[in-house]
Amino acid sequence: MKKHNFSAGPCILPQDVFKEASQAILDFNDSGLSILEISHRSKDFVDVMEESRNLVLELLNLEGKGYKVLFLQGGASLQFLMVAYNLLEKKAGYLNTGTWSDKAIKEAKHFGEVIEVASSKEKNFNYIPKGYTIPEQLDYLHCTSNNTIFGTQMKTFPVTDAPLICDMSSDIFSRTLDFTKFDLIYAGAQKNMGPAGTTMVVVKEDILGKVSRHIPSMLDYQTHIGKASMFNTPPVFAVYTSMLTLRWIKENGGVAAMEEQNEKKAKLLYSEIDLNPLFKGFSATEDRSNMNATFSLIEEDLKETFDAMWKDAGINGLNGHRSVGGYRASMYNALSLNSVAALVDVMSDLERKA
Ligand SMILES: *Cc1c(COP(=O)(O)O)cnc(C)c1O
C-alpha cells in the first residue's frame, strides 16, 4: 500500500507521474525505445527540454520577460558556487536563515566580500529576520525562500536595487509570488518538482556577463544558455520526470491551486500542533513554513509510543533533521490533504491515550 510520505527530499511526487515515468522507461512515446536509451539530441528529447522550459515560464508567469530556464546538474549546492562565480565582482549580501544559506555564504566567500545582511543563527534559525538594512552597491542579494530543515518560510521579500537571487529549492511551484522581483531563482528538483539529479535555474539574462573573471565553461550560465542545457549530456530522466510533474501542476490548476491546497494542509497540521497539549511547534508562528512543519513532543517519554503509532498508520519520513530534532512533516504539492489528516488523527489519538 502507498505510504503517506512526509519525507523532506527526495520526496513524494504525484502517483500519476510515477506511473507515466515507469511506462516511459519501458517504451517512450511508442517509439520502441526506453527514455533511458535514446539520444539526448533526438527530436523526442529536445521536445521534452523545450516543453519543460516553457512550462516553467508559464507556471511562474515569466513568459516573454527576459528569463532563461536551465536544467543543470550538481544540485542546489553547486548553485551556491555558480551564483557567486557568475555574479560576484566585489560584494554581495546574504540573508542567513538556515543551514542552506550558511552553505551558500561559505561558497560565495571564494569570490569576494560577503555581507551577512541579517541572520537568525543565534536562535537556531527558528525565525526569519526582519527590519534589517540592506547595504548599497551590492552585486546581488541572496535569500532562501523556504528553510527546509528549520521549517520557516519567507512571506515577504527584501526590496533592493541589487539583483535578487533566491534559493527556492523547497517551495518552488508551491505558492504564487511576483516572480519578476527575482533575477535568478534556483531549485534542486527533488523537493517539489522531480527526482534528484537536476537543478532548475531561471535567470534574467541581462544580469550575466558582468564579472571580470574568467568562468570555466561548465560553471558559466552563458554556456548552458547558449546550448539550451545540452552543453553536455543532460540528466535525461530527471528532466523528463520533472516535465511530467510540471504538466500535472498545470492540469491541476497551476501554482495558485497548489497554493490553496498547501494552505489547507498546513492549517490542518498547525492547528493540531497548537491545540494538542502534547506537542509544540519549533518555528515562530508568523514565519511557519507551509512546506515543512517542524514540531516536537513536550514529553520525550511518549516518543516510542508515538513513533510506533505513526508507523502503524502507514506514515513515512517524519523524523526531524538532526540539527532540530523532533519531527518534520514535509507537505509538498503531491502530498494529499488526506495524508495530513492521517497524521493529525494519530496525534489526537495519542492525546486520547496519554
Ligand atoms: C535540499 C536543499 C538544498 C541542497 O540541495 P542539493 O540538491 O542536495 O544540493 C539547498 N537549498 C535548500 C533550500 C534545500 O532544501
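The model shown is predicted, which means the values in this text are computed figures rather than measured ones.

## Some thoughts on the UniProt feature "modified residue: N6-(pyridoxal phosphate)lysine" (unreviewed entry) in the protein chain
Right, so step 1: With numbering matched to this structure, UniProt assigns "modified residue: N6-(pyridoxal phosphate)lysine" (unreviewed entry) to Lys 191.
Right, so step 2: Here Lys 191 is to be found in the loop between β9 (184-188) and β10 (199-204).
Right, so step 3: If we ignore the near neighbours within four places in the chain, the residues touching Lys 191 are Ala 8, Gly 9, Cys 11, Thr 148, Ser 169, Ser 170 and Tyr 332.

## Considerations on the packing of helix α7 (residues 254-275) against helix α9 (residues 337-353)
Right, so step 1: Between α7 and α9, the shortest axis-to-axis distance is 10 Å and the interhelical angle comes to 5°. Between α7 and α9, the angle is such that the two are roughly parallel. The segment α7 lies against α9, with Gln 261, Lys 264, Lys 265, Leu 268, Leu 269, Glu 272 and Ile 273 engaging Leu 337, Val 340, Ala 341, Leu 343, Val 344, Met 347 and Ser 348.
Right, so step 2: Counted by class, the contact of α7 with α9 contains 9 nonpolar, 2 polar and 3 charged residues.

## Examining the sheet that holds β9
Right, so step 1: One open sheet holds the 7 strands; their spatial order is β2-β10-β9-β8-β5-β3-β4, and the pairing between them is mixed. In this open sheet, the two edge strands, each paired with only one partner strand, are β2 (67-72) and β4 (113-119). Neighbouring strand axes in the sheet, compared pairwise and without regard to direction, differ in orientation by 20° on average.
Right, so step 2: Note that β9 and β10 share 5 bridges and pair antiparallel. From the neighbouring strand, Ile 185 faces β10, where its bridge partner is Val 202.

## Points about the pattern of salt bridges
When the charged atoms of two side chains lie near each other, side chains of opposite charge can form a pair.
Right, so step 1: Following the criterion strictly, the structure yields 11 salt bridges and no others.
Right, so step 2: Across the salt bridge formed by Asp 307 and Lys 303, the nearest N and O atoms sit 2.8 Å from each other. Separated by 4 residues within a single helix, Asp 307 and Lys 303 lie in helix α8 (residues 303-312), roughly one turn from each other.
Right, so step 3: A salt bridge links Asp 349 to Arg 352; the nearest nitrogen and oxygen atoms lie 2.8 Å apart. In this pair, Asp 349 and Arg 352 are both assigned in helix α9, 3 residues apart and thus about one turn of the helix distant.
Right, so step 4: Residue Arg 352 is classed as exposed on the basis of its relative accessible area, which comes to 63%.
Right, so step 5: Taken together, the shared-partner salt bridges in this structure form one network comprising Glu 20, Glu 51 and Arg 247.

## Let's talk about the pairing of strand β14 (residues 327-330)
Right, so step 1: The two faces of β14 match: Tyr 327 and Ala 329 on one face and Arg 328 and Ser 330 on the other face are all buried.
Right, so step 2: As defined by bridge partners, strand β12 (residues 292-297) adjoins β14 across 4 bridges and the pair is classed as antiparallel. Looking across to β14, one finds that Phe 295 is bridged to Tyr 327.

## Some words on the domain arrangement of the protein chain
Right, so step 1: On domain assignment, one finds that the protein chain holds domain 1 (15-251) and domain 2 (254-353).
Right, so step 2: For domain 1 versus domain 2, the distance between C-alpha centres works out to 27 Å.
Right, so step 3: Counting residues at the interface gives 26 residues for domain 1 and 25 residues for domain 2.
Right, so step 4: Together, the buried faces of domain 1 and domain 2 total about 2200 Å²; carbon and sulfur atoms form 52% of this surface.

## Things to note about the packing of aromatic side chains
Right, so step 1: The full count for this structure, using the stated rule, is 12 aromatic pairs.
Right, so step 2: Relative to Phe 182, the ring of Phe 157 has its centre 5.0 Å away and its plane inclined at 85°; by these criteria the two rings are edge-to-face. Taken together, the positions of Phe 157 in the loop between β7 (152-153) and β8 (164-167) and Phe 182 in the loop between β8 and β9 put the pair 25 residues apart, joining distant regions of the chain.
Right, so step 3: For Phe 157, a relative accessible area of 15% puts it in the buried group.
Right, so step 4: One aromatic cluster in this structure is built from Phe 279, Phe 295, Phe 306, Trp 310 and Tyr 327.
Right, so step 5: In this structure, Lys 311 is placed above the aromatic ring of Trp 310, and the distance from its NZ or CZ to the ring centre is 5.1 Å.

## Overview of the site of the ligand
Right, so step 1: Near the ligand there are 13 residues, and of these Ser 77, Thr 148, Asp 167, Gln 190 and Lys 191 occur at the shortest range.
Right, so step 2: Within the side chain of Ser 77, a nitrogen or oxygen atom sits 2.6 Å from an oxygen atom of the ligand.
Right, so step 3: Within the contact set of the ligand, an oxygen atom lies 2.4 Å away from a side-chain nitrogen or oxygen of Thr 148.
Right, so step 4: Burial of the ligand by the protein chains amounts to 87% of its free accessible area of 390 Å².
Right, so step 5: At 4 residues, helix α3 (residues 75-87) tops the list of elements feeding residues into the shell around the ligand.
Right, so step 6: Each residue belonging to the shell around the ligand can be placed in one class, and the counts come to 3 nonpolar, 8 polar and 2 charged.

## What to know about the UniProt feature "binding site: L-glutamate" (unreviewed entry) in the protein chain
Right, so step 1: As recorded in UniProt, the sites labelled "binding site: L-glutamate" (unreviewed entry) are Arg 41.
Right, so step 2: Along the chain, Arg 41 turns up in the loop between α1 (15-26) and α2 (43-59).
Right, so step 3: If we ignore the near neighbours within four places in the chain, the residues touching Arg 41 are Val 46, Met 230 and Phe 231.

Criteria and thresholds
- Residues numbered from 1 in each chain as written.
- Predicted model: local features only at pLDDT ≥ 70, side-chain atom pairs only at ≥ 80, totals over all residues.
- Heavy atoms only, no water.
- UniProt positions renumbered as here; feature names shortened; annotations may be inferred.
- Helix = DSSP H or I, 4+ residues; strand = E, 2+ residues; numbered from the N terminus.
- Contact = heavy atoms within 4.5 Å.
- Axes fitted to C-alpha atoms, helices over the stretch in contact; angles between N-to-C directions.
- Parallel < 35°, antiparallel > 145°, perpendicular 65-115°, else oblique.
- Nonpolar A, V, L, I, M, F, W, Y, C, P; charged D, E, K, R; others polar.
- Pairing = 2+ DSSP bridges.
- Salt bridge = Lys/Arg side-chain N within 4 Å of Asp/Glu carboxyl O.
- Buried < 20%, exposed > 50% of the residue type's maximum accessible area, 1.4 Å probe, protein only.
- Domains from an automatic or database assignment.
- Buried area = accessible area lost by both parts, 1.4 Å probe.
- Phe/Tyr/Trp six-rings, centres within 6.5 Å; stacked < 30°, edge-to-face > 60°.
- Lys NZ or Arg CZ within 6 Å of the ring centre and 35° of its normal.
- Near = heavy atom within 4 Å.
- Polar contact = N/O pair within 3.5 Å; in protein donor to acceptor, adjacent residues only side chain to side chain.
- Areas by Shrake-Rupley, 256 points an atom, 1.4 Å probe, with all protein chains shown as cover.

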